[in-house]
Amino acid sequence: MSTNTLSKEAETKLLNFFNTTIDPKGMAKAIRQLNYVVALGVMREHETLQTEITTLENSFYWLSELAEILNPYLDVE
């Protein structure tokens, strides 16, 4: 797990992004939709996706973590 902190510039850009481009709930939904489509492609053994399984596993994990931070869904009872 990384312990790096965001630079002020990155923090400002993220705040601006979520204040003017897409709200956190909308971003979380988009991440989940993307993860769903990619997961379906992998499960259907698409050749291109199969060669990148490790990368996809890591990306899926981190995007899911980000989605949970933006709009908790899995932790809700």
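Here we summarise the structure given alongside this text.

Analysis parameters
Residues numbered from 1 in each chain as written. Predicted model: local features only at pLDDT ≥ 70, side-chain atom pairs only at ≥ 80, totals over all residues. Heavy atoms only, no water. Helix = DSSP H or I, 4+ residues; strand = E, 2+ residues; numbered from the N terminus. Expected span 1.5 Å × (residues − 1). Buried < 20%, exposed > 50% of the residue type's maximum accessible area, 1.4 Å probe, protein only. Arc of directions from axis to C-beta. Salt bridge = Lys/Arg side-chain N within 4 Å of Asp/Glu carboxyl O. Polar contact = N/O pair within 3.5 Å; in protein donor to acceptor, adjacent residues only side chain to side chain. Contact = heavy atoms within 4.5 Å.

## Section: helix α4 (residues 53-70)
Then, in step 1: Over its 18 residues, α4 runs 25 Å from end to end, which matches the ideal 26 Å to within 8%, given 1.5 Å per residue.
Then, in step 2: Where α4 is concerned, the buried positions are Ala-67, Glu-68 and Leu-70. Buried residues in α4, looked at end-on, bunch into an arc of 155°, giving them a common side. Set apart from the buried face of α4 by more than 90 degrees, the exposed residues are Thr-54, Glu-57, Trp-62 and Ile-69.

## Some words on the pattern of salt bridges
Then, in step 1: On inspection of all chains with the given rule, the structure shows three salt bridges.
Then, in step 2: Two residues, Lys-8 and Glu-11, come together in a salt bridge whose shortest N-O distance is 3.9 Å. Within this pair, Lys-8 and its partner Glu-11 are both found in helix α1 (residues 8-20), separated by three residues, close to a single helical turn.
Then, in step 3: Note on Glu-11: relative accessible area 33%, which makes it partly exposed.
Then, in step 4: Close ionic contact of Glu-68 with Arg-32 constitutes a salt bridge, the shortest N to O distance being 2.7 Å. Of this pair, Glu-68 sits in helix α4 while Arg-32 is found in helix α2 (residues 24-43), placing the two residues 36 residues apart along the sequence.

## Considerations on the side chain of Glu-68
Then, in step 1: The class of Glu-68 is buried, set by a relative accessible area of 15%.
Then, in step 2: Here Arg-32 takes part through its side chain, which lies 2.7 Å from a polar atom of the side chain of Glu-68.

## So, the side chain of Asn-35
Then, in step 1: Secondary-structure assignment places Asn-35 in helix α2.
Then, in step 2: Under the relative-accessibility criterion, Asn-35 is labelled buried at 7%.
Then, in step 3: Residues within four places of Asn-35 in sequence aside, it is in contact with Phe-60, Leu-63 and Ser-64.

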